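# An overview of the molecular structure
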Amino acid sequence: MMQMLASYGPILFMGFVFYFLLYRPQKKEQQRRTNMLDSLKKGDRVITAGGIHGAITALTEKLVTIKIADKVEINVSRTAISVNESDTKNNPKK
């Protein structure tokens, strides 16, 4: 019995390490990002993954229209939004 436990112990330990150091934090970050993308609304200031700063002027399920300058608006995929600057929960500077 002890010999079997000694042989499976390191494997179980590695499973716990992978869960708590890799899987769980990644799952939390994915949930936070999904909540951020779902909470986007017209007027929010955002930054895209490409570094473009602007304000949301229109939203659909998959596209976001961002005003980046006077009379300049671009359409980007909703998943391209990386930061919602208007979100005070995730932006401690405000």
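Report on the accompanying structure. (Residues numbered from 1 in each chain as written. Predicted model: local features only at pLDDT ≥ 70, side-chain atom pairs only at ≥ 80, totals over all residues. Heavy atoms only, no water.)

### So, the pattern of salt bridges
Side chains bearing opposite charge may pair, as long as their charged atoms lie close to each other. Condition: Put simply, a salt bridge is a Lys or Arg side-chain nitrogen that is within 4 Å of an Asp or Glu carboxyl oxygen. The secondary structure listing takes helices from DSSP runs of H or I that are at least 4 residues long and strands from runs of E that are at least 2 residues long, numbered from the N terminus. Burial classes: relative accessible area under 20% of the type maximum marks a residue as buried, over 50% as exposed, and values in between as partly exposed (1.4 Å probe, protein chains only).
For the structure shown, the criterion picks out two salt bridges. Residue Glu29 pairs with Arg32 through a salt bridge whose shortest N-O separation is 2.6 Å. Note that Glu29 and Arg32 are positioned in helix H1 (residues 2-38) at a spacing of three residues, about one turn of the helix. Residue classification places Glu29 among the partly exposed residues on the basis of a relative accessible area of 40%. Asp44 serves as the salt-bridge partner of Lys41, at 3.3 Å between the closest nitrogen and oxygen.

### Looking at H1
Short version of the rule: Expected span, for any helix, means 1.5 Å times one less than how many residues it has. We define the bend at any residue as the angle between the axes fitted to the seven residues before and including it, ending there, and the seven starting there.
In a regular helix each residue adds 1.5 Å, so 37 residues correspond to 54 Å; H1 covers 51 Å between its end C-alpha atoms and thus fits that length. A bend of about 40° at Tyr19 is the largest found in H1.

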